[in-house]
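Observations on chain architecture
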Amino acid sequence: MKRSLPCLVFVVAAIFAAPVVRAQQPKSLFYMTRDPKSVRSFLAHADKIDILVPAWYGVDADGLLSGGANPLVMEMAKQHHVPVMPIVANGDFAQEDFHKLLKNPVAKASMYEQLIRACKENGYTGFQFDFENVHWTDRDALSDLVRDAAAALHREGLQLSIATVPNAPGGPAGESGFSAWIYENWRGAYDLKALAQSVDLICLMTYDQHTRWTAPGPVAGWAWTSDNLNYALKVVPPQKLSLGIPLYGYHWFAGTPVKSDEKGGDKPNPSAEYIGTDEALDLGKAYGGHIEWDATDRVSWFYFYRGDMREWIFFTDAHTFKERYTLAKERGLQGFCSWVLGTEDPGIWDLLPTHK
């Protein structure tokens, strides 16, 4: 017994000396546009961005790639060791044009070649597909295009990621015409299981839950975000999944009534517009809006009166961002993807570590 005491002390000491296992730090992927405000945000915070995805390229029905790099951005990315993986989008999200591309093998092969050439000429790590407003009947054709594109890029040592519209529970939900419309044209085209088998990363665009097409509400409410994440994790490995965190908001207001051909008079014109955090806060300050925290949806919002009419704003402040950033960390995801630099609450940068 006396000889076992030093061993016991050694074991206890070893236990307390063992390193604490922590959740992997989520990779921060930020989108950037050509807007000067967006570019300036990247230049100011490059040391806290792990992957930059600039919206620089588009492709048409014939597979012609258009776009190009910003030299200043590329130089800053090089200095701060930030991989650059630009977006290529279907031009103006034109549904019929993209359908034509999907059905044209020659055009697709040409697109793959141009993507590879652009990567080699500019030093990109790969590309991200942002193909939206795709009809649900093109689901398999989209999966085939992504599979072939990924194979072509992988042969050259390049990566392919894709941004997908969240589609839980995987089919039209609810009784409304809106539910059928949004599934038919936006959510139904993404076979997450098939896509995950091809690409290096899926950026789940858990935004927008509410837009100008809907009544006022959060850009990405908590239950809606969680449900879509849980659905995606059924078929996508967490190390291949990035959680979408919006950096912006929406502003709902009554627009000017529009003329009607009917005898009943003018038609109502409820409107909403995309709004950055700084603009949202300016409106609140100007008209006495008081920021509220919705504990159920875990989002910030406020309303104010202008011209006797109530206007609503739901937006992403640092508190809202932190809730979703923590979710990505707790679920062991590859990271998060945020649209878009230049619209963020400056407070989010205090939450992110400086990368090495």
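Being a predicted model, the structure only gives us computed values, none of them experimental.

1. Here's the deal with the pairing of strand β6 (residues 159-164)
- Within β6, 5 of the 6 residues are buried, which leaves it mostly tucked inside the rest of the structure.
- Two elements, strand β5 (residues 126-130) and β6, share 4 bridges in a ladder whose sense is parallel. In the strand pairing of β6, phenylalanine 127 is matched with leucine 160.
- As defined by bridge partners, β6 adjoins strand β7 (residues 201-204) across 4 bridges and the pair is classed as parallel. Counterpart to alanine 163 in the pairing with β7 is cysteine 203.

2. Focus on the packing of aromatic side chains
- Going through the model one piece at a time under the given rule, you end up with 29 aromatic pairs.
- Between phenylalanine 30 and tryptophan 349, the aromatic rings sit 5.0 Å apart at their centres with planes inclined by 35°, giving tilted as the arrangement. You can see phenylalanine 30 sitting in strand β1 (residues 27-32) and its partner tryptophan 349 sitting in the segment after β14 (335-338), a full 319 residues away along the chain. Comparing phenylalanine 30 with tryptophan 349 shows no difference in burial state: the two are buried.
- With 6.0 Å between their ring centres and 85° between their planes, tryptophan 252 and phenylalanine 314 make a pair best called edge-to-face. Residue tryptophan 252 is located in strand β9 (residues 249-254), and its partner phenylalanine 314 is located in strand β13 (residues 309-315); the two are separated by 62 residues in the primary sequence. Comparing tryptophan 252 with phenylalanine 314 shows no difference in burial state: the two are buried.

Definitions and limits used
- Residues numbered from 1 in each chain as written.
- Predicted model: local features only at pLDDT ≥ 70, side-chain atom pairs only at ≥ 80, totals over all residues.
- Heavy atoms only, no water.
- Buried < 20%, exposed > 50% of the residue type's maximum accessible area, 1.4 Å probe, protein only.
- Helix = DSSP H or I, 4+ residues; strand = E, 2+ residues; numbered from the N terminus.
- Pairing = 2+ DSSP bridges.
- Phe/Tyr/Trp six-rings, centres within 6.5 Å; stacked < 30°, edge-to-face > 60°.

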